[in-house]
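# Results of the structural survey
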Amino acid sequence: MFDFDFDPDEKMLTCTFKGRIDTIISSQLSAELESKYISHSENKDKESPLEFGIVFDLKEVNFISSSFIRLCVAAKKRVKDGRFSIRNSDPFIKKTLKIAGLDEILNVT
């Protein structure tokens, strides 16, 4: 369903997803992401931006729920400006995020 890879040289956490990201998967993912944020962060303060960037790779995803969109917005807020992106999104998912007005904010490609 999802896999994480942290590159310490690039200071980038890449999250690769597969299949459908529904509400149940999103809630599991939320807990996993929080764990990854803490384990790779030098500053444990939740209010401070993370020192690394986050990439969500949706190459093998064919459906996202609204709770996943909320998770994307929350992840974007955790990092400094320009350090969050969504890559390899399906055209339908890309269009969904565009209609929601989030394609530019979330740096969707």
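In this report, we go over the structure that sits alongside the text. All values reported here derive from a predicted model rather than from experimental measurement. (Residues numbered from 1 in each chain as written. Predicted model: local features only at pLDDT ≥ 70, side-chain atom pairs only at ≥ 80, totals over all residues. Heavy atoms only, no water.)

The next subject is the pattern of salt bridges. Taken as a whole and assessed by the stated rule, the structure comprises 2 salt bridges. Between Arg78 and Glu34 there is a salt bridge, with the nearest N and O atoms lying 2.9 Å from each other. Placement of Arg78 in helix 2 (residues 66–78) and of Glu34 in helix 1 (residues 23–40) is noted, with a sequence separation of 44 residues between them. Classification of Arg78 by relative accessible area gives buried; the value is 16%. We classify Glu34 as partly exposed; its relative accessible area is 22%. A salt bridge links Asp81 to Lys76; its shortest N-O distance comes to 3.5 Å. (Salt bridge = Lys/Arg side-chain N within 4 Å of Asp/Glu carboxyl O. Helix = DSSP H or I, 4+ residues; strand = E, 2+ residues; numbered from the N terminus. Buried < 20%, exposed > 50% of the residue type's maximum accessible area, 1.4 Å probe, protein only.)

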